[in-house]
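# Residue-level structural notes
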Amino acid sequence: MTTVVMKTTVRVVVPIVLVVAISLLLQGHNLPGGGFVGGVLTTAAFALIYVAYGLDYLEIGVLGRDVESGAGMFEHRSVEAYLRTFVLGLALAVGSGLGGLAFGEPFLTQDHWTIYGVPIYGDIHLASALAFDVGVYLVVVGGLLTILSVVGAE
C-alpha cells in the first residue's frame, strides 16, 4: 500500500514528465532528444502510476483497457494493445526510412519543409525525421509497457 504523499506526488509529477517527454519527442530532429528518450520518459510516467496506484488502476483507469481476472500473462487485452503499438511504431519507423528509397535516395534520407505565417506560431519547421522519431517513440512505449504489464501481472 502506498502513502497519500506518494499518490499526491505522482499526480503532480506525471503531467510534467509527460509534457517533457512530448517536448523531447518533437525537438528530436533538431536538438538532442527524440523518440527513444520521449518513449522512456512516457513509460517512466506510467511506471510511477503503477507503483503508486497498482497495475489495475493503470490499465483500467489511465489507459482505459479491459483487464480480465484470472487471465494468463499474455492473455490480457492490454498486452495485445501494447504489442499493436509496438508493431505500428516499427512500421512507421521503417516506412519513414523507405520513403527516401521511393525518390531514389538512400534509406533513411530525410527532408524538411517550412510552413510560413501560421497564426500564433509564425513559421513552423517540419522534418520527415519526425515520422521516424514517432515510430521509435511508439516502439519504445509499446515494448516497455508490454514488459511492465507482463512483469506487473505476476
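The rules behind the values
Residues numbered from 1 in each chain as written. Predicted model: local features only at pLDDT ≥ 70, side-chain atom pairs only at ≥ 80, totals over all residues. Heavy atoms only, no water. UniProt positions renumbered as here; feature names shortened; annotations may be inferred. Pairing = 2+ DSSP bridges. Helix = DSSP H or I, 4+ residues; strand = E, 2+ residues; numbered from the N terminus. Buried < 20%, exposed > 50% of the residue type's maximum accessible area, 1.4 Å probe, protein only. Contact = heavy atoms within 4.5 Å.

An unreviewed UniProt entry annotates the protein chain as Na+/H+ antiporter MnhB subunit-related protein domain-containing protein originating from Natronoarchaeum mannanilyticum. Taken directly from UniProt, the Subcellular location (unreviewed entry) text for the protein chain runs: "Cell membrane".

One ladder, built from five bridges, connects strand β1 (residues 112-118) with strand β2 (residues 122-127); its direction is antiparallel. Bridged to Trp-113 within β2 is Leu-126. Between β1 and β2, which pair antiparallel one after the other, the connecting turn spans three residues, and Ile-120 there sits at a positive phi close to 75 degrees.

This next bit is on the side chain of Thr-43. Structurally, Thr-43 can be placed in helix α2 (residues 35-53). The buried category is assigned to Thr-43, whose relative accessible area is 7%. Apart from the residues within four sequence positions on either side, Thr-43 is in contact with Val-140, Val-141, Leu-144 and Leu-145.

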